[in-house]
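Okay, here's what each chain looks like letter by letter:
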Amino acid sequence: MQLGNQLPLRTTTDNPIEDKYIAVFKGVDKKYNMDGYQFTAIKNAECAIPRGEITFVLGPSGSGKSTFLNMLGMLDKPNQGQITILGQDVLAMDDNQAADFRSRHIGFIFQSFNLIPVLSVRENVEFPLLRHNVSRRERREKADYYLESVGLKDYSHRRLGEISGGQRQRVAIARALVTTPELVIADEPTANLDSATSDEIIHLMLEMRSQFNTSFVICTHNEKLIGGSGNVIRIIDGKLQHLGGLQ
Ligand SMILES: Nc1ncnc2c1ncn2[C@@H]1O[C@H](COP(=O)(O)OP(=O)(O)O)[C@@H](O)[C@H]1O
Ligand SMILES: [Mg+2]
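A few points on the structure. What you see is a predicted model; the values in this text were computed from it and never measured.

**Some thoughts on the overall build of the protein chain**
Okay, so step 1: Along the protein chain, the regular secondary structure elements total seven helices and ten strands.
Okay, so step 2: With the principal axes as the frame, the protein chain shows a C-alpha extent of 50 × 40 × 40 Å.
Okay, so step 3: In the protein chain, 74% of the contacts between residues at least 6 apart in sequence involve partners at least 24 apart.
Okay, so step 4: For the protein chain, the accessible area works out to roughly 12200 Å², and carbon and sulfur atoms hold 45% of it.
Okay, so step 5: Across the protein chain, the centroid of the 28 positively charged side chains sits 2 Å from that of the 29 negatively charged ones.

Structural data, given as structure tokens:
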């Protein structure tokens, strides 16, 4: 199947920052209300995430990685600051606009896979396309295309109970890619996998990045996983220390 015309649009704009970075954070604070006081989970985050590359977000448990990724994925809003994704001020959007933007441009991969157990492998991958205007046949073709890309060509009819944890995460990767998002966010995608399978999954994401030119942002507390690849943002006690900031 020819998918070339469905790959994410990679037009250049007259804005060099937008061309180079998929997302830019400026002065971002996120506070949680605790019993009677506010706890600042992310403090004055400033970062620019390079477009079409892999960025690892590293830091110990509780350092603020998920809080950071949830704001990047537009699942949560900061108390203060600016977030630009694909050149758009995403905090200025209303809930409907944000949901629409998210479903078109961002894919998610979670630690616990978040697949739907009653659906087959293929139906899980097709699922995000249901809110897009895509025919049944096209949904099936796209799902099969991405299942083949992640090495699960022969598993489309299986139920989730009939495949391994590593295979489930491959299904989740195919599901994240099926809408051809520019940005894929993975929160501890290997935390429920053994170390050999974790390596395979990270490797697969590296491969998918180069095949589809998708920007991946992957958080992990396991630094051994990342090898020498990718950009790194390190979070310590809610403070970002990063390589590759705005020039
Ligand atoms: N919904 C919440 N309410 C209150 N505190 C929270 C909430 N979510 C996270 N936190 C706190 O914010 C800090 C960062 O959490 P999190 O972003 O989940 O870290 P990580 O993903 O690096 O483990 C932790 O101290 C955590 O307890
Ligand atoms: Mg987390």
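**Re helix H6 (residues 165–177)**
Okay, so step 1: With 13 residues, H6 should cover 18 Å at 1.5 Å per step; its first-to-last C-alpha distance of 19 Å lies within 8% of that length.
Okay, so step 2: With eleven of 13 residues buried, H6 is to be regarded as a mostly interior element.
Okay, so step 3: Listed in full, the buried residues belonging to H6 are Gly166, Gln167, Gln169, Arg170, Val171, Ala172, Ile173, Ala174, Arg175, Ala176 and Leu177.
Okay, so step 4: In the core, the buried residues of H6 are packed alongside strand E6 (106–110), helix H4 (121–126), helix H5 (136–149), strand E7 (183–187), helix H7 (195–212) and strand E8 (215–220).

**Focus: the pairing of strand E9 (residues 231–236)**
Okay, so step 1: Sheet topology places strand E3 (residues 54–58) next to E9; four bridges connect them, and they run parallel. Bridge pairing links valine 57 to isoleucine 233 in E9.
Okay, so step 2: With four bridges connecting them, E9 and strand E10 (residues 239–242) associate as antiparallel partners. Following the sheet pairing, arginine 234 is matched in E10 by glutamine 241.

**Focus on the sheet that holds strand E1 (residues 21–34)**
Okay, so step 1: Here four strands make up an open sheet; going across it, the order is E2-E1-E4-E5 and the pairing antiparallel. In this open sheet, the two strands that pair with only one neighbour each are strand E2 (37–50) and strand E5 (88–89).
Okay, so step 2: Across ten bridges, E1 lies against E2 in antiparallel orientation. Residue lysine 31 lies in a different strand from E2, and its bridge partner there is threonine 40.

**Considering the site of ligand 1**
Okay, so step 1: What surrounds ligand 1 is the set Tyr32, Met34, Phe39, Ala41, Pro60, Ser61, Gly62, Ser63, Gly64, Lys65, Ser66 and Thr67.
Okay, so step 2: Backbone polar atom of glycine 62 to an oxygen atom of ligand 1: 2.7 Å apart, as the coordinates give it.
Okay, so step 3: Threonine 67 places a polar side-chain atom, nitrogen or oxygen, 2.6 Å from an oxygen atom of ligand 1.
Okay, so step 4: Elements with a contribution of two residues or more to the shell around ligand 1: E1, E2 and helix H2 (65–72).
Okay, so step 5: For the shell around ligand 1, the element with the most residues is H2, which contributes three residues.
Okay, so step 6: Of the residues contributing to the shell around ligand 1, the split by class is five nonpolar, six polar and one charged.

**Focus: the side chain of threonine 190**
Okay, so step 1: For threonine 190, the position within the fold is in the loop between E7 and H7.
Okay, so step 2: On the basis of relative accessibility, which here comes to 8%, the residue threonine 190 falls in the buried class.
Okay, so step 3: With sequence-adjacent residues up to four places away left out, threonine 190 is seen in contact with Ser198, Ile201, Ile202 and Leu225.

**Quick look at the nonpolar core**
Okay, so step 1: With 38 residues, the main nonpolar core has Ile109, Ile173, Leu177, Met205, Met208, Phe216 and Ile218 as its most contacted residues.
Okay, so step 2: For this core, the secondary-structure elements that each account for two or more residues are E3, H4, H5, H6, E7, H7 and E8.
Okay, so step 3: Sequence-distant contacts of isoleucine 218, that is, excluding residues within four places in its chain, are made with Ile54, Thr55, Phe56, Val57, Ala186, Pro189, Ile202 and Met205.
Okay, so step 4: Among the nonpolar cores identified, the runner-up in size contains 30 residues, and Cys47, Met74, Ile83 and Ile233 belong to it.

**Observations regarding the sheet that holds E7**
Across a sheet, paired strands are connected by hydrogen bonds in the backbone, their directions being either parallel or antiparallel.
Okay, so step 1: In space, the six strands of this open sheet follow the order E6-E7-E8-E3-E9-E10, with mixed pairing throughout. Strand pairing shows two members of the sheet lacking a second neighbour, E6 and E10, which therefore form its edges. Ignoring strand direction, the axes of neighbouring strands in this sheet form an average angle of 20°.
Okay, so step 2: Here H2 sits on the sheet in contact with E3, E6, E7, E8, E9 and E10, set at roughly 155° to E7.

**Structural notes on the side chain of aspartate 187**
Okay, so step 1: Take aspartate 187: it is sitting in strand E7.
Okay, so step 2: Despite its burial, aspartate 187 pairs with no opposite charge; the closest candidate is lysine 65, at 6.9 Å N-O.
Okay, so step 3: A polar contact is formed between the side chain of aspartate 187 and the side chain of serine 66, at a distance of 2.7 Å.
Okay, so step 4: Ignoring anything within four residues of it in the chain, the contact list for aspartate 187 reads Ser66, Leu69, Ile109, Phe110, Gln111 and Cys219.

The rules behind the values
- For every chain, the first residue of the written sequence is number 1, and numbering continues from 1 along that sequence.
- Each chain takes a letter, starting from A, and each ligand takes a number, starting from 1, following the order in which they are written.
- Note on the predicted model: pLDDT of at least 70 is required for a residue's local features to be given, and 80 or more for side-chain atom pairs to be given and counted; whole-chain, interface and lining totals, by contrast, use all residues.
- Processing note: side-chain calculations cover all non-hydrogen atoms of the structure and skip hydrogens and water entirely.
- A run of DSSP states H or I qualifies as a helix once it reaches four residues; a run of E qualifies as a strand once it reaches two. Both are numbered from the N-terminal end.
- The criterion used for residue contact is that any of the two residues' heavy atoms lie within 4.5 Å.
- Here, Shrake-Rupley sampling with a 1.4 Å probe gives the accessible areas, and only protein chains in the shown set may cover a residue.
- In summary, the charge assignment counts Lys and Arg as positive and Asp and Glu as negative, without counting His or the chain termini.
- The location of each charge is read from NZ of Lys, CZ of Arg, CG of Asp or CD of Glu.
- Expected span of a helix, by definition, is 1.5 Å for each gap between consecutive residues, and there is one gap fewer than residues.
- Here's how the labels work: a residue is buried when its accessible area is under 20% of the maximum for its type, exposed when over 50%, partly exposed in between, all with a 1.4 Å probe on protein chains only.
- Between any two strands, at least two bridges found by DSSP are needed for them to pair.
- Near residues are defined by distance, with any heavy atom within 4 Å of the molecule or strand qualifying the residue.
- Two N or O atoms count as a polar contact when they lie within 3.5 Å, although within protein this holds only if one can serve as hydrogen donor and the other as acceptor, and sequence-adjacent residues are included solely when both atoms are side-chain atoms.
- Ten residues, namely Ala, Val, Leu, Ile, Met, Phe, Trp, Tyr, Cys and Pro, are considered nonpolar, four, namely Asp, Glu, Lys and Arg, are considered charged, and the remaining ones, Gly among them, are considered polar.
- Residue types Ala, Val, Leu, Ile, Met, Phe, Trp, Tyr and Cys, when buried and joined through side-chain atoms within 4.5 Å, form a set referred to as a nonpolar core.
- Simply put, an axis is a line fit to the C-alpha atoms, just over the touching stretch for a helix, and the angle between two N-to-C directions goes from 0 to 180 degrees.
- We define a salt bridge as a contact between a side-chain nitrogen of Lys or Arg and a carboxyl oxygen of Asp or Glu at a distance within 4 Å.

Just geometry here; none of it tells us what the structure is for.
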